[in-house]
Amino acid sequence: MFDIFGSVFGWLTSGAHWAGTGGVANRVLEHLQYSLLSTLAAMVVALPIGLLIGHTGRGAFLAINISGFGRALPTVGLVTLVFLVSGLSLWPVYVALVVLAVPVIITNTYAGMASVDREVRDAARGVGMTGLQVLWEIEIPLALPLIITGIRLAAVQVIATATIAAYISFGGLGRYLFDGLAQRDLTQVLAGAVLVAVLAITVDLAFTGLQRSLVPRGIAMRRRQNNDA
């Protein structure tokens with residue numbers, strides 16, 4: 001066991017594995033590119049849907065159950081299907097990652113909107129605020145902790161799954177996993193897995209810091225008290 005840890009540590013600290021187009025630095029940038037573009041695309045699709053469902057209360061059944069659809073979807077199968085249709089390109093990777101991220105963001109956005117006290121909404125309307133004003137000035141700020149949580153969970157899932165880019169001969173950290181398996185190089189496989197895990201944890205911590213900076217302290221404390229209750 002210690003020999004394996006030593007081999008992985010030696011692989012990760014070797015300068016030869018960090019330089020060039022196949023080096024760790026470049027692979028991390030490729031992995032971040034796939035993950036960032038996919039997460040942003042998923043946000044563009046999912047946030048309006050989640051906000052609309054939460055604001056109007058219509059389609060709640062869809063929002064509650066759509067996360068199960070995302071978990072049940074075979075990502076590799078979807079990549080293969082889109083690959084057969086579109087040919088050799090990054091489209092299969094992006095489509096699969098976006099489809100993976102959308103349900104998580106929709107579900108958490110709806111949950112955040114649904115958790116807003118109805119009396120607060122009614123009071124806002126009672127003082128003459130329009131529906132859009134209630135949405136932007138009341139509902140979204142109060143729902144922001146769960147909205148950011150949904151984006152954070154989606155981003156971490158996308159990072160962990162973006163290794164599938166290597167499945168159709170593209171880059172990213174998945175190259176170390178697939179190439180290592182093909183070469184029966186356990187050290188390379190484990191090193192790739194460590195890199196993916198570290199990247200996912202780093203992004204998760206970054207989103208946690210972002211949430212703390214964006215969410216007003218009073219709202220965050222109220223959410224924590226509700227969760228404890």
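All values reported here derive from a predicted model rather than from experimental measurement. (Residues numbered from 1 in each chain as written. Predicted model: local features only at pLDDT ≥ 70, side-chain atom pairs only at ≥ 80, totals over all residues. Heavy atoms only, no water.)

(A) Summary view of the confidence of the model for the protein chain. Within the protein chain, residue pLDDT values average 83, and 86% of them lie at 70 or more. The secondary-structure element of the protein chain with the lowest mean pLDDT is helix α10 (residues 217-228), recorded at 51, while helix α2 (residues 24-56) shows the highest, at 93. (pLDDT = per-residue confidence, 0-100. Helix = DSSP H or I, 4+ residues; strand = E, 2+ residues; numbered from the N terminus.)

(B) Examining helix α5 (residues 91-114) more closely. Between its first and last C-alpha atoms α5 spans 34 Å; for 24 residues at 1.5 Å apiece the expected length is 34 Å, and the two agree. The buried fraction of α5 is high, at 19 of 24 residues. (Expected span 1.5 Å × (residues − 1). Buried < 20%, exposed > 50% of the residue type's maximum accessible area, 1.4 Å probe, protein only.)

(C) Structural view of the side chain of N108. Examined against the element boundaries, N108 turns out to sit in helix α5. A relative accessible area of 15% places N108 in the buried class. There is a polar contact of 2.9 Å between the side chain of N108 and the backbone oxygen of V104. When sequence neighbours within four positions are dropped, the list of residues in contact with N108 reads L146, I147, T149, G150 and L153. (Polar contact = N/O pair within 3.5 Å; in protein donor to acceptor, adjacent residues only side chain to side chain. Contact = heavy atoms within 4.5 Å.)

(D) Fine view of the nonpolar core. Among the nonpolar cores identified, the biggest contains 53 residues, and W11, Y34, L97 and L195 are the most heavily contacted of them. At the level of elements, α1 (2-12), α2, α4 (75-86), α5, α7 (131-161) and α9 (186-214) are the ones that each hand at least two residues to this core. Broken down by element, the residue count for this core peaks at 13 residues, all from α7. The residues contacting W11, other than those within four sequence positions of it, are H17, V24, Y176, T187, Q188, A191 and L195. (Core = buried A, V, L, I, M, F, W, Y, C linked by side-chain atoms within 4.5 Å.)

(E) Highlighting the packing of aromatic side chains. Going through the model one piece at a time under the given rule, you end up with three aromatic pairs. Where Y34 meets Y94, the ring centres are 6.3 Å apart and the plane angle is 80°; that geometry is what we call edge-to-face. One end of the pair, Y34, is in helix α2; the other, Y94, is in helix α5, and 60 residues separate them in sequence. The burial state of Y34 is the same as that of Y94; both residues are buried. Between Y167 and F178 the ring centres are 6.0 Å apart and the planes differ by 50°, which places this aromatic pair in the tilted class. (Phe/Tyr/Trp six-rings, centres within 6.5 Å; stacked < 30°, edge-to-face > 60°.)

(F) Geometry of the packing of α7 against α9. α9 packs onto α7 with a crossing angle of 165° between their chain directions and a minimal axis gap of 9 Å. Compared by their axis directions, α7 and α9 come out roughly antiparallel. Of the two elements, α7 crosses α9, and the hand of that crossing is right-handed. The segment α7 lies against α9, with L144, P145, I148, T149, I151, R152, A155, V156, I159 and A160 engaging V196, L199, A200, V203, D204, F207, T208, Q211 and L214. The class makeup of the residues in the contact of α7 with α9 is 14 nonpolar, three polar and two charged. (Axes fitted to C-alpha atoms, helices over the stretch in contact; angles between N-to-C directions. Parallel < 35°, antiparallel > 145°, perpendicular 65-115°, else oblique. Left-handed = near helix turned anticlockwise from the far one by under 90°. Nonpolar A, V, L, I, M, F, W, Y, C, P; charged D, E, K, R; others polar.)

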